[in-house]
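Per-entry structural report
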Amino acid sequence: AIALSGNANGLLSGVLFADNDAAHASVLQVGGAGAGVTLTNVHVAGNHGASELLRSSGAYIDLRYVTVADNGSDDDALVRFDAAGGFSASNSLLHDANGVDSGTVVAEPGGTTFNLDCVMVHDDTGLAGQPGVTDLVVADPQWDASGSYPAGLYVPGPGSPAVDACGLGTGAIPLLLG
């Protein structure tokens, strides 16, 4: 879908990555140290074929109000770092529950810096206890099944633990709606 190479930086806002068949590449690939990408109000759903959705070769990945959902059982990590980089996420839902086929949220070789606050995940392997990780919620977001939203758009339902998950702390937005 999108690749940033070298020291490129990108800002993607209001984007929907859906139904991509990426047998040989990720939805988003970012270069090495010095490169970076910020995703704001982005939805990543229904993609399949790659072993991860977002891939970094040491770049900085920043997710704000991002929803990752229902991307099939062929991903063994939602975000993969081939080399130590930086990973920031806030007010986001990173949830791909595929039973025994669910991978981890982040796969990294060690040395990656984290800045996560108010993020709901399906698995906290590699994240729990990391410096810079706060308000990590491991839960099922209980997607809205009312039919009020277009197919492929994942929004927490009224009884979802994502609603007001992190309270009204300084700088925190109360709803995890990506």
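A short tour of the structure in this document, coming up. (Residues numbered from 1 in each chain as written. Predicted model: local features only at pLDDT ≥ 70, side-chain atom pairs only at ≥ 80, totals over all residues. Heavy atoms only, no water.)

The next point concerns the packing of aromatic side chains. Counted according to the given criterion, the structure contains three aromatic pairs. Consider the rings of Phe 81 and Phe 87, whose centres lie 6.2 Å apart with planes at 70°: the pair is edge-to-face. Relative accessible area serves as the criterion here: at 1%, Phe 87 is assigned to the buried category. Seen from their ring centres, Trp 143 and Tyr 154 are 5.4 Å apart, and the 70° between their planes marks the pair as edge-to-face. Of this pair, Trp 143 sits in the segment after strand S14 (133-138) while Tyr 154 is found in the segment after S14, placing the two residues 11 residues apart along the sequence. Relative accessible area serves as the criterion here: at 22%, Trp 143 is assigned to the partly exposed category. Here the aromatic cluster, defined as three or more aromatic residues joined through ring pairs, consists of Phe 81, Phe 87 and Phe 114. (Phe/Tyr/Trp six-rings, centres within 6.5 Å; stacked < 30°, edge-to-face > 60°. Buried < 20%, exposed > 50% of the residue type's maximum accessible area, 1.4 Å probe, protein only. Helix = DSSP H or I, 4+ residues; strand = E, 2+ residues; numbered from the N terminus.)

Structural measurements only, silent on function.
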